[in-house]
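Working through the structure, step by step
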Amino acid sequence: MKKSVIGFPRIGKDRELKFASEKYFKNEIDETALQEVAAELRAYGLKKQQAAGIDFISSNDFSFYDNVLDAAVLFNVIPDRYKELGLSDLGTYFAMARGYQGDKGNVKALAMKKWFNTNYHYLVPEIDDSTEVKLVGSKPVDEYKEAKALGIETKVAIVGPFTFLKLAKYTGAKKADDFKAAFIAEYSKLVETLKAEGVQWIEFDEPYIVRDLTAADIDLFKEIYNSLLAIKGDTKILLQTYFGDVRDIYDTVTKLPFDGIGLDFNEGRKTAELVKSGFPKGVLLFAGLVNGKNIWKNNYAKTIDALKSLKAENEVVLSTSCSLLHVPYTLESETKLGAEYTKHFAFAEEKLLELKELAELSDVADSGNVTSEKAFKSNQALFEEGRVDSKDDAVVNRVAGIKDEDYTRLPAFDEREKIQKDILKLPQFPTTTIGSFPQTVDVRKNRQAFRKGEISKEQYTDFNKNKIKECIELQEEIGLDVIVHGEFERNDMVEYFGENLAGYVFTEKAWVQSYGTRCVKPPIIWGDVSRKQAITVEWSKYAKSCTDKPVKGMLTGPVTILNWSFPREDISIKESTLQIALAIRDEVLDLEANGINIIQIDEAALREKLPLRKSDWYSEYLDWAIPAFRLVHSGVKPETQIHTHMCYSEFTDIIPAIDAMDADVITFEASRSDLQILDSLKENNFKTEVGPGVYDIHSPRVPSVDEIVTALTKMRDKIEDKKLWVNPDCGLKTRGDVETKASLINLVEAAKIIRQQV
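Let me begin by describing the structure that accompanies this report. (Residues numbered from 1 in each chain as written. Predicted model: local features only at pLDDT ≥ 70, side-chain atom pairs only at ≥ 80, totals over all residues. Heavy atoms only, no water.)

**Some points on the overall build of the protein**
A count of helical and extended segments in the protein gives 28 helices and 23 strands. A globule of 758 residues ought to have a C-alpha radius of gyration of about 27 Å, and the protein, at 26 Å, matches this closely. Projecting the C-alpha coordinates of the protein onto the three principal axes gives extents of approximately 75 × 60 × 50 Å. Of the contacts made within the protein by residues no fewer than 6 positions apart, 79% connect residues no fewer than 24 positions apart. Element-wise, carbon and sulfur atoms account for 47% of the exposed surface of the protein, whose accessible area totals about 28,700 Å². For the protein, the distance from the average site of its 102 positive side-chain charges to the average site of its 122 negative ones is 1 Å. (Helix = DSSP H or I, 4+ residues; strand = E, 2+ residues; numbered from the N terminus. Rg over C-alpha atoms; globule rule 2.2 N^0.38 Å. Contact = heavy atoms within 4.5 Å. Areas by Shrake-Rupley, 256 points an atom, 1.4 Å probe, with all protein chains shown as cover. Lys, Arg positive; Asp, Glu negative; His and termini not counted. Charge placed at Lys NZ, Arg CZ, Asp CG, Glu CD.)

Okay, structure coming up:
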């Protein structure tokens, strides 16, 4: 039985790409050195897959920043503002990803959004009426030839034209239909180019077709692929989907002459049912049965049963459910977790072994008894024994005891808003930040030294208190109205809380790419979750003692903690989230009891696990995710102001649900999306006070005062003055001290100018 991998991690086991890229940004290495690191990482992944016997290995799955951005550059979808900088090709690429501020100009980066239902972010292609779509790059060919030189035949993977057209942002009068002919023509040129190189398989990634599709969408898809499939010749075309099922377009897809169709059997609730209804003869079914998004071992018995059913009627290739870029590289890097934990996990390289073993076992099952096979017996023994120390009856009973009234905060918002304005006495257009301040080298070294036992807890604490005091003094100097403590004690907004909750386990080097050079190390929800002790209270109390201004307590919300962890698979995500919600509720009430009367509970990832089909939004997610957030804060007093924050997702279509979270203030990422969310807030009569981000913190550029004033002026057209806050669009952890101070000075100055206009 043949095996396929949709994509492989690219950041490096030790984040080599991140560090090399950052050196390149600082002019510490040149492009040649950066390209050498990239080539080594590509070769590593290719050879690992080859050694595991993977039959369909992808090339062109590597990216310096993002594959959608790669496709945009490949087809010349480069806005003029970046071309006019006159940079090198790679310089232009990174300007699109990160923005640019220097002697050649000052431009913002492209918008960034979540990649479907993951914590990975893609860059939104920007197409204006003058965009000339044309094949100008050679990356797919170059990386195919590079693999070929290593003796590895690959399928060339690329973001499909339908998904690209649907994800793009159109800034002029022309829309997707006006550009479809050009994209068909240029993708056709790519197919011809790859054919000429002897490429055997081309993989078009079309995840967008797992979403709700209109008749017009289906017609567009048919038009695109009727053209591309007509010219493929002997080169085979694989349509690869993931993150759900293709129920809206299955009949269309299976009638088109694809050579292979990749379907997700993990998240695709109807995939098995669709295939059972009929799959085209002579077409390879790439069955996504090995989970590419989570780190738990595959249950071989269930997968082999599924394969047996599929193979009875179809020619099947065993595949990952999506790219493995969403999981860490390998368990070999984990030296501290005991075998009682790690034996339950499979990272990217271990999933290669799972594919190999499953394929072999499936072949045995075709004609014999697989239960006597060593790999099968070992796998089943693991599932039969369960996991140590994962159950806590007190937590399970507490969740079972939640009452309907526990989800409702009293009094109602309008009354609370009046009480809070009277008590806090903040100026109009109050200024604040989202929470974190730069995690500079000294901050990271202090944390690392404490973890290694090189300094005492007292030394560690004293250092952080000094940083907090400096941070507060800086904010007072700048003139911010609501102060934060800077979060210098936190490694990550989710990992930090996980470390202080029972039911979690942690890795050393299980890094996963979030966007560009930003990597995260998601904690693993091992068992039932509860709070062991107060987590943030002492830091917030100390911060409050350093200033007369209001200080925000900073917490991460239960849905985000769940979504940015590797979740359990033995209970529902609803049950797991409610456990976390009760733990964070305890922290909220402790903060309030210690005099912290502004508490921010971040739900940056609320939309991340939203089902991709609107018909499933409430029944499968929002009906419990929104109440889980309300459960966290429903016990506080009316005078305690609850904030939350959301970033880098499309929130416009769930604004009513967000309002129903019943927070007092909500801050949104808005700067990269040109404040598009404002119209939706106005249309839905959004009651909550709101702070749409006035500048992009994921770029090193410093926004001017005029730029921020312009943004605030647009906001005032859509949001009542009494409800408008002024803040960056996200935390400042990844920024430097100099640019952070300059940006915040401009933010405060812009707020003063707007106040004078009232």
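After that view of the structure, there is still more to cover.
**Quick word on unusual backbone geometry**
Comment: phi is negative for the bulk of residues other than glycine, and the bulk of peptide bonds are trans. The linkage connecting leucine 410 with the following residue, proline 411, adopts the cis geometry, with an omega of -5°. You can see proline 411 is positioned in the loop between α16 (393–400) and α17 (413–424). Even without a glycine there, the phi angle at phenylalanine 243 is positive, about 80°. Phi at asparagine 685 is positive, roughly 50°, even though this residue is not glycine. Along the chain, asparagine 685 falls in the loop between α26 (677–683) and β23 (689–692). On the accessibility criterion, asparagine 685 (66% relative accessible area) is exposed. (Buried < 20%, exposed > 50% of the residue type's maximum accessible area, 1.4 Å probe, protein only.)

**Considering the sheet that holds strand β14 (residues 315–320)**
With parallel pairing, eight strands are arranged side by side in an open sheet as β1-β14-β13-β12-β11-β10-β8-β2. Looking at strand neighbours, the two that pair on one side only are β1 (2–4) and β2 (57–59), the edges of this open sheet. Going across the sheet, the axis of each strand differs from the next one's by a mean of 30°, ignoring polarity. Bridging between strand β8 (residues 154–159) and strand β10 (residues 201–205) involves five bridges; their strand directions are parallel. When the sheet's bridge partners are listed, isoleucine 158 is paired in β10 with phenylalanine 204. (Pairing = 2+ DSSP bridges. Axes fitted to C-alpha atoms, helices over the stretch in contact; angles between N-to-C directions.)

**Overview of the packing of helix α3 (residues 67–74) against helix α5 (residues 89–98)**
Taken N-terminus to C-terminus, the directions of α3 and α5 make an angle of 130°; their axes are 11 Å apart at the nearest point. Between α3 and α5, the angle is such that the two are oblique. Relative to α5, the crossing made by α3 is right-handed. Contacts between α3 and α5 involve Leu69, Asp70 and Val73 on the former and, on the latter, Tyr93, Met96 and Ala97. (Parallel < 35°, antiparallel > 145°, perpendicular 65-115°, else oblique. Left-handed = near helix turned anticlockwise from the far one by under 90°.)

**Quick look at the sheet that holds strand β20 (residues 598–602)**
Overall, parallel pairing links the five strands, which are arranged β19-β20-β21-β22-β23 in an open sheet. Edge positions in the sheet fall to β19 (552–556) and β23, since each of these pairs with one other strand and no more. Averaged over neighbouring strand pairs, the angle between their axes works out to 20° when direction is ignored. Here strand β22 (residues 665–668) runs beside β23; their pairing, made up of four bridges, is parallel. By the bridge assignment, valine 665 is partnered in β23 with glutamate 689. Against the sheet, helix α23 (residues 573–593) makes contact with β19 and β20, and its axis sits at roughly 175° relative to β19, the strand it touches most.

**Concerning helix α18 (residues 441–451)**
Taken together, the buried positions of α18 are Val443, Asn446, Arg447 and Ala449. Looking down the long axis of α18, one finds its buried residues gathered within 165° of arc, a one-sided arrangement. For α18, exposure combined with an orientation more than 90 degrees from the buried face picks out Lys445 and Arg451. Among the structural elements, α19 (457–478) are those in contact with the buried residues of α18. (Arc of directions from axis to C-beta.)

**Overview of the pairing of strand β15 (residues 501–505)**
Extensive coverage of β15 is indicated by the burial of four of its five residues. Two strands pair when backbone bridges link them, and β15 and strand β18 (residues 524–531) are joined in this way by four bridges, in the antiparallel orientation. Within β18, the residue paired with tyrosine 504 across the bridge is isoleucine 525.

**Focus on helix α24 (residues 617–633)**
When the terminal C-alpha atoms of α24 are compared, their 23 Å separation across 17 residues agrees well with the 24 Å that a helix rising 1.5 Å per residue should span. Most of α24 is tucked away, with 12 of its 17 residues classed as buried. Three or more residues of α24 are buried, namely Trp617, Tyr621, Leu622, Trp624, Ala625, Ile626, Pro627, Ala628, Phe629, Leu631, Val632 and His633. Those residues of α24 hidden inside the fold are in contact with α22 (558–563), α23, β20, β21 (641–646) and α25 (655–659). (Expected span 1.5 Å × (residues − 1).)

**Topic: the environment of alanine 365**
Following the sequence through the fold, alanine 365 ends up in helix α14 (residues 348–367). Separated by 39 residues in the primary sequence, alanine 365 and histidine 326 have C-alpha atoms spaced 30 Å apart. Not counting residues within four places of it along the chain, the set of residues in contact with alanine 365 comprises Ile304, Lys308 and Val370.

**Quick notes on a negative patch on the surface**
Together, Glu16, Asp30, Glu31, Glu36, Glu40 and Asp89 line one region of the surface with negative charge. Ranked by residue count, the leading element in the negative patch is helix α2 (residues 31–51), at three residues. Residue position: glutamate 40 is located in helix α2. For glutamate 40, a relative accessible area of 57% translates into the label exposed. (Patch = residues over 30% accessible without salt bridge, like charges linked within 9 Å, V, L, I, M, F, W, Y side chains within 5 Å. Salt bridge = Lys/Arg side-chain N within 4 Å of Asp/Glu carboxyl O.)

**Looking at the pattern of salt bridges**
A full pass over the atoms with the stated rule returns 60 salt bridges. The salt bridge partner of aspartate 248 is arginine 613, with a shortest N-O separation of 3.1 Å. One end of the pair, aspartate 248, is in the loop between β11 (236–240) and α10 (250–255); the other, arginine 613, is in the loop between β20 and α24, and 365 residues separate them in sequence. We classify aspartate 248 as partly exposed; its relative accessible area is 30%. The shortest N-O distance in the salt bridge between arginine 568 and aspartate 528 comes to 2.9 Å. You can see arginine 568 sitting in the loop between α22 and α23 and its partner aspartate 528 sitting in strand β18, a full 40 residues away along the chain. The residues arginine 568 and aspartate 528 share a single accessibility class, namely buried. Here the residues in one salt-bridge network are Arg409, Arg416, Asp659, Asp662, Asp664 and Lys687, joined through shared partners.

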